Structures are given as structure tokens and as C-alpha cells.
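# Architecture at a glance
One-letter residues, chain by chain:
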Amino acid sequence: MAEAATNASLFERACAVTPGGVSSPVRAFRSVGGAPYFVARGEGPWVWDVEGRRYLDLVQSYGPAIHGHAHPRIVEAVRAAALDGSSFGAPTEREVLLAEEITGRVPGCDQVRLVSSGTEACMSAVRVARGATGRDRVVLFEGCYHGHSDGLLAGGGSGVATLGLPSSAGVPAGAVADTLVVPYNAVPAIGDDVACVIVEPVAANMGLVAPAPEFLPGLRDACDAAGALLVFDEVITGFRLARGGASAFYGVTPDLWCFGKVIGGGLPLAAFGGRRELMEQLAPLGPVYQAGTLSGNPLATAAGLAALEMLDDAAYDELAGRVARLGAGLTSAFAAAGVTAQVPVVGTLVGVFFVAEPVTDYAGARASADTGSYPPFMHGLLDAGVALPPGAYEILFPGLAHRDAEIDSVVEAVGEVAARMAAG
Ligand SMILES: *Cc1c(COP(=O)(O)O)cnc(C)c1O
């Protein structure tokens, strides 16, 4: 090795050998300008780039790192698991323990199947819904994100929204012919051809949009009336929002759930689950096929178990307290600087919009992104040593490693950046 790698030199090499220089488009800085920093390591709330610069990290892997980076208990669990072998193609005890842990948290979710990504979880939950109902149509909500499978990419939030794509090239019309996209926070008419309605119970891929009080109960009733299944995509809310996820938080029980992010403790792991008779539609018991070479991976289940074991009610109270502190701090920092902003908080979840009124749907989220305020905000904070996701449609991910001191230094940095933004 001649010279130490820099962010710029790595990005140049990355762009030569991988499209856009990134393994996932949300990591690119396309929508905010500039080039990504390359992370060398992380610890707790911090990451260091390859040039030795430290950032207070509010990206946190887009959710999985709820305990902060390299938490000693998770590191030890993965190390111990690796020593015993990393994948077998036969069942292991930790898969049972993790499935017991998840089903024990979520009333109504009798069984889960473990997979390796949220995309797989959502795609498979929809397949179960279609198989169980014998219907084809799927209803989803504008600005929600359910992974990048063909049929669920229509009207998607997160990365597709950030890149300004209506959907994706390469998705055949036939693949989305049975996908109906409707506005968030309005209960749609549900026909008797609908297999399922899939929803983020708290939308967190168009910034943070809380469900209106009547929205989730209304979906439950409308699905029941139409004989359709309700699927909660809890890939973000599942075990970030509350011990039992959003279904427990709101007291609305779907038929199927999708989990991911937090449940893998930072390793590739996700799950979908539901009532026993629905899940027994899956192979080997039933006619709905779904499989995975690395599903229930020993390292991932070890990390996920370690992460979930530390997430008791007290942990959620603690995190909600930190997030409330951050939300209140940001609201006053923006107000003091004279920057028009909304800082929605739902329990442990927090986002930022640059509009005057609370955002209730994708149109509102888009209006915020269209102000163009996010790129200077994000870059101002990055210069101040605080890392936010490089896209206006993402939420912030403070976790249990962000103590009050870190929260307060974020608020202080936001105050300074907001003052500069207001000064133009
Ligand atoms: C991240 C996310 C997914 C996709 O998960 P991957 O692991 O990235 O495939 C699906 N649904 C929601 C709500 C998500 O936030």
C-alpha cells in the first residue's frame, strides 16, 4: 500500500468498480451533493472516517444500530457464534430463541420465519397474503417503503423518493398491475379482490409521518369488511418504537408483520410473521414457497438476540426520553434561528421537515424536500461533525448510545447551522 486511503481516493476507486460508488443508493450523496465519507470504524454514537475524522452518528445504519456501534455484548455474541461456525444449512437453537423472543413480544404473532433482509420479509409476507386469500391485489401507501421487490416498488419512499424516481425502470408493468398506491393517512376503499393492505404503521421512509388516530383502526376495519389481510411493515418500528412494536403501541393487530433492522443487531436478519394458520401456508407445511440459504444465520441470530435482550421496557422509556429531549431541542433551535421547520416525534422516532405545518402524507413530505433546505442542513451538520442520512426523506436514528450530552451537542450544532441557513 503506497498511500493511506482518503475518502476521495476510496470514492474514486469505488466508482470505478461499483455503480455510483455505493452498495446501496441511499448511501450516495447524489441528492445532497458532495461525496460520501468512508467509515473506518464506529463505537457507541460515533463513527470515524478513513481520514480519522469523528462524527456523532445519527445514521446508525438506518436503524439497526439502536445500541450504538460495536456494543460489547453484541460483539461478544457474534465472536462466540463465529467460533462455532457461521452457517450450516441445518436448524440451530438460536433461531428458536429468536423466534420465541419475537413472538413473545408481539401479541397475535404466533410464528415467524427468519430471512436476511426487510425486502425479503415484505415480499414474502405479501406472498403469504396472496396465497392465503387466493387474491392478487395489494394496496400500499404513497411514501411508504417496503423494500425493492418488483411488486412493492411502486410509489415507494426512501431511496426512490430521494432520487426523484416515480418507481423503477426494469419493473415490468405486469409486476405492478395488481399494486394499488393510495395516499397515507386516508383509509381507502378496499375491494373484494384485495389480498392485503401493507402499511408502515408509523411512516418513516418519507421523513417521519405519524398515523392519524383513526387511520390504523380504520384499516383494520376496512380489511375485515373486505376479507383482506392487514400487513404491518414494522421493519423500522419493530422493536425501535416499543417492546411490542407498533401493533402493541397502537393496540391494532394486523394479520401479518414484517420485521428487520433492529432485530439483527447490525447483521443481515429480518423476519415475517403472523397468525399460525396464515404462517402454516408456508412450505414445508403449505403451498406458499419461500426459502433462504443464509436465513436464520448463526451470527445474525446471535447479534439479534443480544440486541433484543437489552431492549426491555426501561430501554424504550430511556430512548423515548432522549428523543423527546432531541425533538424539543431541535424545535427551539429552529425557532430561535427563525427557520421554518417541523420536528415530528412519535415515541422513540424523530424526523425533520422544513415546512410550517405538520406533515400527514407524501405530498407534505415532498413539499418539505422541495424547499431545498435539507442539503445545506445536512452538510452544515456534517461540517460540524454530526452525520445525518444524505437524503431528505430519511428520519434521524438516535439510539441508546446517545446520552444527554450527545443529544445536547446535536442541538447546539443544529442551532448554529440553522442560524447560518436563516442568514442565507
Ligand atoms: C429498510 C426497510 C425495508 C427494507 O429492508 P432491507 O433490509 O433494506 O431490505 C422495508 N420496509 C421498511 C419500512 C424499511 O424501513
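Residues numbered from 1 in each chain as written. Predicted model: local features only at pLDDT ≥ 70, side-chain atom pairs only at ≥ 80, totals over all residues. Heavy atoms only, no water.

## With respect to the packing of aromatic side chains
Using the following cut-off: Here a pair means two rings of Phe, Tyr or Trp (six-membered ring of Trp) with centres within 6.5 Å. Their orientation is stacked below 30 degrees between planes, edge-to-face above 60, and tilted elsewhere. Under the scheme used here, helices are H or I runs from DSSP no shorter than 4 residues and strands are E runs no shorter than 2 residues, and both carry numbers assigned from the N terminus. For a Lys NZ or an Arg CZ to count as sitting over a ring, it must be within 6 Å of the ring centre and within 35 degrees of the ring normal.
A complete count under the given rule lists 13 aromatic pairs for this structure. Where Phe334 meets Phe377, the ring centres are 5.6 Å apart and the plane angle is 45°; that geometry is what we call tilted. Taken together, the residues Phe334 in helix H11 (residues 313-337) and Phe377 in helix H13 (residues 374-383) connect sequence positions 43 residues apart. Following the ring pairs from residue to residue traces out a cluster consisting of Phe334, Phe354, Tyr374 and Phe377. Sitting above the plane of the Trp46 ring, Arg54 keeps its charged end 3.4 Å from the centroid. The ring of Phe239 carries the charged tip of Arg105 above its face, separated from the ring centre by 5.2 Å.

## Brief notes about the layout of surface pockets
What counts here: Both cavities and pockets are sets of points on a 1 Å grid over the protein atoms alone; in a cavity a 1.4 Å probe fits but cannot get out, in a pocket the set is open with protein on both sides within 12 Å along at least five of seven lines, and lining residues sit with an atom within 4 Å of a point. Grid points are joined across faces, edges and corners, and a volume is the space filled by probe spheres set on the points. Polar here means any residue outside two lists: the nonpolar Ala, Val, Leu, Ile, Met, Phe, Trp, Tyr, Cys and Pro, and the charged Asp, Glu, Lys and Arg; Gly therefore counts as polar.
What the second largest pocket holds in volume is close to 430 Å³. Considering the residues around the second largest pocket, the lining is formed by 22 residues, among which Pro91, Thr92, Glu95, Val96 and Leu114 are closest to the centre. Contributions of two or more residues to the lining of the second largest pocket are made by helix H3 (93-105) and strand E4 (111-115). Of all the elements, H3 adds the most residues to the lining of the second largest pocket, at five residues. Classifying every residue of the lining of the second largest pocket gives nine nonpolar, ten polar and three charged.

## What to know about the packing of helix H2 (residues 72-83) against helix H10 (residues 298-309)
Selection rule: Axis definition: a line fitted to C-alpha atoms, over the contacting stretch in the case of helices. Angles run 0 to 180 degrees between N-to-C directions. Should an angle fall under 35 degrees it is taken as roughly parallel, and over 145 as roughly antiparallel, whereas 65 to 115 is taken as roughly perpendicular and any remaining angle as oblique. For a crossing to be left-handed, the near helix must be turned anticlockwise from the far one by less than a right angle; the clockwise case is right-handed. Contacts between residues were defined by any pair of non-hydrogen atoms, one from each residue, lying within 4.5 Å.
Running from amino to carboxyl end, H2 crosses H10 at an angle of 155°, the nearest separation of the two axes being 8 Å. Relative to H10, the element H2 lies roughly antiparallel. Considering only the axes of H2 and H10, their crossing is right-handed. Between H2 and H10, the contacting residues are Arg73, Ile74, Ala77, Val78, Ala81 and Ala82 on the first element and Pro298, Leu299, Ala302, Ala303, Ala306, Ala307 and Glu309 on the second. Residues of the contact of H2 with H10, tallied by class, amount to eleven nonpolar, no polar and two charged.

## Brief notes about helix H12 (residues 362-370)
Operational definition: Only protein chains enter the area calculation, which uses a 1.4 Å probe; residues under 20% of their type maximum are buried, those over 50% are exposed, and those in between are partly exposed. Each direction from the helix axis to a C-beta atom contributes to the arc, which is the arc of those directions. Counted as a polar contact is a pair of N or O atoms within 3.5 Å, where, for protein atoms, one must be capable of donating a hydrogen and the other of accepting one, and residues adjacent in sequence contribute only when both atoms are in side chains.
Along H12, the residues that are buried comprise Tyr362, Gly364, Ala365, Ser368 and Ala369. The buried residues of H12 occupy one face: seen down the axis, they fall within an arc of 160°. Its side-chain oxygen at 3.3 Å from the backbone nitrogen of Ala363, Asp361 defines the N-terminal cap of H12.

## Here's the deal with the sheet that holds strand E3 (residues 54-57)
Applied cut-off: Two strands make a pair as long as DSSP finds a minimum of two bridges between them.
With respect to topology, four strands assemble into an open sheet ordered E1-E2-E3-E13, the strand pairing being mixed. This sheet does not close on itself; its edge strands, each paired only once, are strand E1 (39-43) and strand E13 (386-387). Looking at chain direction, strand E2 (residues 46-49) and E3 are connected through three bridges and run antiparallel. In the sheet register, Trp46 faces E3, and the bridge partner there is Leu56. Taken strand by strand, helix H14 (residues 404-423) contacts E2, E3 and E13, and its axis lies near 100° from that of E3.

## Considering the environment of Leu114
With respect to the helices and strands, the residue Leu114 is situated in strand E4. Leu114 sits 158 residues away from Phe272 along the chain, and the two C-alpha atoms are 6.8 Å apart. Not counting the four nearest positions on each side in its chain, Leu114 is found in contact with Glu95, Leu98, Ile102, Ala270, Ala271, Ser295, Gly296 and Thr301.

## Considerations on the pairing of strand E7 (residues 194-199)
Stated formally: Throughout, right-handed denotes a crossover for which the path from the first strand over the helix to the second runs clockwise when the strands point away from the viewer.
With respect to burial, E7 is a largely interior element, six of its six residues being buried. As paired elements, E7 and strand E8 (residues 229-233) share four bridges and run parallel to each other. Directly across from Val199, in E8, lies its bridge partner Phe232. Chirality of the crossover, the property in question, places the unit of E7, helix H7 (residues 215-226) and E8 among those that are right-handed.

## Thoughts on the pattern of salt bridges
Put simply, the rule reads: Within this document, salt bridges are pairs made up of a side-chain nitrogen of Lys or Arg and a carboxyl oxygen of Asp or Glu, the two lying within 4 Å of each other.
Counted under the stated rule, the structure contains 14 salt bridges. The partner of Arg137 in a salt bridge is Asp193, with the nearest N and O atoms 3.1 Å apart. With Arg137 in strand E5 (residues 137-141) and Asp193 in the loop between strand E6 (179-182) and E7, the pair connects residues that are 56 residues apart, well separated along the chain. Residue classification places Arg137 among the partly exposed positions, given a relative accessible area of 23%. For Asp193, a relative accessible area of 36% gives the class partly exposed. A salt bridge links Arg275 to Asp255; its shortest N-O distance comes to 2.5 Å. Here Arg275 is found in the loop between strand E10 (270-274) and helix H9 (276-279), whereas its partner Asp255 is found in the loop between helix H8 (245-250) and strand E9 (256-259), with 20 residues between them in sequence.

## Quick notes on the side chain of His146
Relative to the helices and strands, His146 is located in the loop between E5 and helix H5 (159-162). Reaching out from His146, the side chain makes a polar contact with the side chain of Asp233 at a distance of 2.7 Å. Setting aside residues no more than four positions away along its own chain, His146 makes contact with Thr119, Cys122, Leu140, Leu152, Ile198, Val199, Glu200 and Asp233.

## A look at the domain arrangement of the protein
The criterion, for reference: Domain start and stop points were drawn from an automatic or database domain assignment. The quantity reported as buried area is the accessible area (1.4 Å probe) lost by two parts once they are put together, taken as the sum for both.
For the protein, the domain assignment lists domain 1 (7-70 + 312-422) and domain 2 (72-309). For domain 1 and domain 2, the distance between their C-alpha centres works out to 24 Å. Listed as interface residues are 35 residues of domain 1 and, on the opposing side, 36 residues of domain 2. Around 2,900 Å² of area is buried between domain 1 and domain 2 when both sides are counted, 65% of it from carbon and sulfur atoms. Considering only the side of domain 1, the residues that lose the most area to domain 2 are Tyr316, Tyr362 and Tyr393, jointly responsible for 22% of the buried surface there.

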